[in-house]
Amino acid sequence: MTFAGRERDAEYLLRVLDAAPAAVMVIDEDLKIQWTNSTAVDLFGFSFEHAIGRSVLEYIDPDWNPLAFDSVVSALGGKGLRQPMLFRAIAEDGTKTIVEVTANVQLHDELVGGMVVYVRTWDERWLLDQVLHAMASGEPAEHTLGLLVRVAGAETIGAPASLLYDPDGGRVSGIVAAAELPSDLRGPEVGCDTELVDIWAPLLGSAEGRVHKVADLPDRLRCPATDRGYQTLWIWPSAHNDDPLRSAWALAWRREEHTDVDETRRMMMARLGTLVGMIIDGARADAAQTYAAAHDSLTGLLNRAAFHDRLNGFIADVDTDAGAGIGVVYVDLDGFKPINDALGHGAGDRVLVEIAHRLSEMAPAGSILARLGGDEFALACGAESVDALAGLAQDLTERVGEPVQLRSGEAVRVSASAGISYHRGDALRQQTSHRLVDAADQAMYAAKRAGDSISFAAG
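Everything numeric in this text was worked out from a predicted model, so none of it was measured. (Residues numbered from 1 in each chain as written. Predicted model: local features only at pLDDT ≥ 70, side-chain atom pairs only at ≥ 80, totals over all residues. Heavy atoms only, no water.)

What follows is about the pairing of strand S17 (residues 415-424). For S17, the buried fraction is high: 8 of the 10 residues fall into the buried class. Looking at chain direction, strand S12 (residues 325-334) and S17 are connected through 10 bridges and run antiparallel. Among the inter-strand pairings, Val 328 is bridged to a residue of S17, identified as Ser 421. Examined bridge by bridge, S17 and strand S18 (residues 454-456) share 3 bridges and lie parallel to one another. When the sheet's bridge partners are listed, Ile 420 is paired in S18 with Phe 456. (Buried < 20%, exposed > 50% of the residue type's maximum accessible area, 1.4 Å probe, protein only. Helix = DSSP H or I, 4+ residues; strand = E, 2+ residues; numbered from the N terminus. Pairing = 2+ DSSP bridges.)

Attention now goes to unusual backbone geometry. The phi angle at Leu 31 is positive, at roughly 70°, despite the residue not being glycine. Looking at where Leu 31 falls in the secondary structure, it is placed in the loop between strand S1 (23-27) and strand S2 (33-36). Given a relative accessible area of 8%, Leu 31 falls into the buried group.

Attention now moves to the environment of Met 269. On the secondary structure map, Met 269 appears in helix H10 (residues 263-294). Through-space distance from the C-alpha of Met 269 to that of Ser 71 is 36 Å; in sequence the pair is 198 residues apart. Once residues within four sequence positions are removed from consideration, Met 269 is found in contact with Ile 157, Trp 234, Trp 236, Ala 250, Leu 251 and Ala 252. (Contact = heavy atoms within 4.5 Å.)

Tracing the backbone through its elements, the reader meets Leu 311 in helix H11 (residues 304-317). For Leu 311, a relative accessible area of 0% puts it in the buried group. Counting along the chain gives 123 residues from Leu 311 to His 434, while the straight-line C-alpha distance between them is 9.1 Å. Ignoring sequence-local partners within four residues, the contact set of Leu 311 consists of Ile 326, Val 328, Ile 368, Ala 380, Ser 433 and Val 437.

A separate point is the sheet that holds strand S13 (residues 368-373). Strand order in this open sheet of 5 strands is S13-S14-S12-S17-S18, and the pairing throughout is mixed. In this open sheet, the two strands that pair with only one neighbour each are S13 and S18. Each strand of the sheet is rotated relative to its neighbour by a mean of 20°, with strand direction disregarded. Against the sheet, helix H14 (residues 386-400) touches S12, strand S14 (376-382), S17 and S18, its axis set at about 160° to S17. (Axes fitted to C-alpha atoms, helices over the stretch in contact; angles between N-to-C directions.)

Let us now look at the pattern of salt bridges. This model, assessed by the stated rule, comprises 20 salt bridges. Between Glu 92 and Arg 54 there is a salt bridge whose closest N-O contact spans 2.8 Å. Of this pair, Glu 92 sits in the loop between strand S4 (85-90) and strand S5 (96-106) while Arg 54 sits in the loop between helix H3 (48-51) and helix H4 (68-76), and the two are 38 residues apart along the sequence. (Salt bridge = Lys/Arg side-chain N within 4 Å of Asp/Glu carboxyl O.)

What follows concerns the pairing of S4. Alignment of S4 against S5, held across 6 bridges, turns out to be antiparallel. For Ala 89, the partnering residue across the bridge sits in S5 and is Thr 97. Counted between consecutive antiparallel strands, the loop separating S4 from S5 contains 5 residues, among which Gly 94 sits at a positive phi close to 90°.

Before going further, it helps to examine H4. Those residues of H4 that sit buried are Ala 68, Ser 71, Val 72, Ala 75 and Leu 76. The arc enclosing the buried residues of H4, seen along the axis, measures out at 145°, which places them on a common side. (Arc of directions from axis to C-beta.)

The subject of this paragraph is the side chain of Asp 332. Mapped onto the secondary structure, Asp 332 falls in strand S12. Owing to a relative accessible area of 6%, Asp 332 belongs among the buried residues under this scheme. Here the side chain of Asp 332 touches Lys 448 through a polar contact of 2.7 Å, side chain to side chain. The contact partners of Asp 332, leaving out residues within four places of it in the chain, are Asp 375, Glu 376, Ser 415, Ala 416, Ser 417, Met 444 and Lys 448. (Polar contact = N/O pair within 3.5 Å; in protein donor to acceptor, adjacent residues only side chain to side chain.)

A separate point is the packing of H11 against helix H16 (residues 433-450). The contact between H11 and H16 brings their axes to 8 Å, and the two run at 110°. Compared by their axis directions, H11 and H16 come out roughly perpendicular. Across the interface between the two elements, Phe 307, His 308, Leu 311, Asn 312 and Ile 315 of H11 pack against Ser 433, His 434, Leu 436 and Val 437 of H16. (Parallel < 35°, antiparallel > 145°, perpendicular 65-115°, else oblique.)

Before going further, it helps to examine the nonpolar core. The biggest cluster of nonpolar side chains holds 33 residues, and the ones touching the most others in it are Val 329, Leu 333, Val 351, Ile 355, Phe 377 and Leu 389. If you list the elements that add at least two residues to this core, you get S12, helix H12 (336-343), helix H13 (345-362), S14, H14 and S17. Residues contacting Ile 355, with those up to four places away along its chain left out, are Leu 333, Phe 377, Val 400, Val 404 and Val 414. Judged by nonpolar contacts, the second largest core, of 32 residues, contains Leu 145, Ala 152, Tyr 165 and Leu 272. (Core = buried A, V, L, I, M, F, W, Y, C linked by side-chain atoms within 4.5 Å.)

This is the structure in structure tokens:
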């Protein structure tokens, strides 16, 4: 049969509408569904007979968007095509899906007599927007990767996923996975046994995305995968940089048997793997920046600003009513400058790093240790008495005074002067980090002037 222009019979047009990739409905002025295509039936899980005459508001979740109902009513007051809007739709079985709704108000058309509504799923796009927003706003990596797992479960991939990152000797240091995946199917998690590491190593070793038949996998993966109806495993590594050592992967367990993956899904899997890599790199960069802001670059100890910040928090949290005390030991090296002058700054740096290591080894649990600058260090800790703090200071200065072996093989020696400030109970409530540190600093200079190794702050 030959048709001219847009002329078609009713059956033809009905089949076209039923084949449309989006739900199409006609809603009357009372917001009741008057007509729907079969795609809407699949999306909402209702039957034609059940849907006709029901209010469309029954399928909209007002909690997700409190303005949803008002926007529908407002659309009816207009004419023609309306701007798209996002809703969360509720299917008959209670399943909730983000959808984009575009309306064309045709109440004035005697034949249509309603609002033509075009609905398409938007979960994946909405979730990807949330991922990008989380990355831009610096949300924790675990949260952002959790959103990405939900993206894998949405329209394009539609499978439970596992996101792996950071190889470390054949193991990975982090995995975020769909809740329904058992531990063996998530990947070689930290602490897993060597057998599982060896099973996953070749699967993760490919530089390109690959599809594996579950039937060909080792029994330890094949059995739990088969029990859950999975027939293929898709693995895509991150390709966001030129590093040949892959550091992130996206895994998806599929129930389809075929191993050929269409280009759209290949692109989505590659995108997931790349986003995992970008998220982890961003988290690393943020962590490095945060660490650098609070630590001395040479010794790795806290810097002056971070020391005062943490000491103020320590003072605020201590139970002064129970008579708890806090002390500061201020340590300054003696004889350090001649080493720098005679042997160079490399030798001086080696001495500072070694002294920092020794102080760290001897620092009590829960104490705060910092390099305040140059050859000056400070340690703050809880102490039952000033005598206990003096004993600690004595041990520290003796340990500092032991020889330091340089890379050249030469041994050098420095000594140390220490000043102590200590307060407890009511007196501690009046203190700040700067008062405690300044008092210990003055006591340290008093020790130098007196030729002693240790001196105590007045009061």
